[in-house]
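# Observations on the model geometry
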Amino acid sequence: MKLIENMRKQALEELALAGDAGGLEKWRIHYLGKKGPVQGLMKELKSLPKEDKPVFGQLVNKLKNELKEAHGVAKERLGAAPKSGGDEDLTLPGIPPLIGTRHPITQMMEQMISCMKSLGFEVAEGPEVEDEFHNFNALNIPENHPARSEADNFYLSDNQLLRSQTSTVQIRVMENRKPPLRIIAPGRVYRPDSVDASHHYMFHQIEGLAVDKGLTMQDMKSTLIQFFAGLFGEDLEIRLRPNFFPFTEPSAEVDVACPFCKGKGCSTCQQKGWIEMGGCGMVDPNVFKAVGYDPDVYTGFAFGLGIERMAMRRFGIPDIRYLTENDVRFLSQFPG
Ligand SMILES: [Zn+2]
């Protein structure tokens, strides 16, 4: 009886391992065939006492039936699973593999970088955790300026904060290099705004800076015109509206003629015909002094543009929150 039980155990274990029709058939031939070990058990009959022979014969037959049944169940289960070989209709269309896409912010950023690179600017980077010197002092933002308030910044300690603008990178580059230089600094910035359809506490800016002898506002304006022409694929009028920023003098807001309605007015530009792009201006002499450049020798211009704002207009995204939710149904709408 022990012999029969061991055989039963071994046969069922091997059956469980037979993963396809071939394996199953091999198992059937081995265990249920005439020359197999189950049939071989019958040879043991000879060595048994006469009175035990009928019981032993019955037990072997019972085992055979049990194994046949188990084989039937296993075969059925295999048949229910997808078949592998022979029966497929190869003319049916396949399932296309899902291919990832770049985030719309990344796409926008890469387009802006490529436009600026073609104008001779190179990419620079800086840390997102900044100190007050690079975020404020060196940018001519005095001690008691409201822009430094705790309500408007994410302070990590007395002297450390998440940078509130990418202008910090200008300072870091100028500290380490001599003019002439032309850089752009794309990256994340942080401000404790309450989140709604058009505001977020984390967003992206791209900062441009050029420093050389004899640069004027005319150079800045022509750089911006060429930048937007590269970005939107056509020459668009721009306008500069006087403004104030501590780190530039004079300072201006830059608007570009709406590329969608050509200035006639549409829903994208809120019927204004112009789209606000960001701030710009000539680098304030105090900023040059903070990094050790001689403001009597060098001049420069700088501009900062919001990447979310541009991507939302470019792609027709109505809510800034979509950009950080990482919903694949949203992201897959921007192939590229
Ligand atoms: Zn428009």
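The structure presented is a predicted model; accordingly, all values stated were derived computationally and were not measured. (Residues numbered from 1 in each chain as written. Predicted model: local features only at pLDDT ≥ 70, side-chain atom pairs only at ≥ 80, totals over all residues. Heavy atoms only, no water.)

## Notes on unusual backbone geometry
Selection criterion: Segments assigned H or I by DSSP are reported as helices when at least four residues long, segments assigned E as strands when at least two residues long, and all are numbered from the N terminus.
Here the bond from Pro-179 into Pro-180 is cis, since omega is 5 degrees, no more than 30 degrees from zero. Its location among the elements puts Pro-180 in the loop between α7 (167-176) and β4 (181-190). Here Glu-249 and Pro-250 are connected by a cis peptide whose omega angle stands at -5 degrees. Relative to the helices and strands, Pro-250 is located in strand β7 (residues 248-257). Not every positive phi belongs to a glycine, and Lys-262 is a case in point at roughly 55 degrees. Mapped onto the elements, Lys-262 comes out in the loop between β7 and β8 (274-283). Of note, the phi angle at Gln-271 is positive, near 65 degrees, even though the residue is not glycine. Locating Gln-271 in the fold gives a position in the loop between β7 and β8.

## Structural notes on the domain arrangement of the protein
Going by this rule: Delimitation of the domains relies on an automatic or database domain assignment.
Assigned domains within the protein: domain 1 (2-80) and domain 2 (104-331). Inter-centroid distance (C-alpha atoms) of domain 1 to domain 2 is 79 Å.

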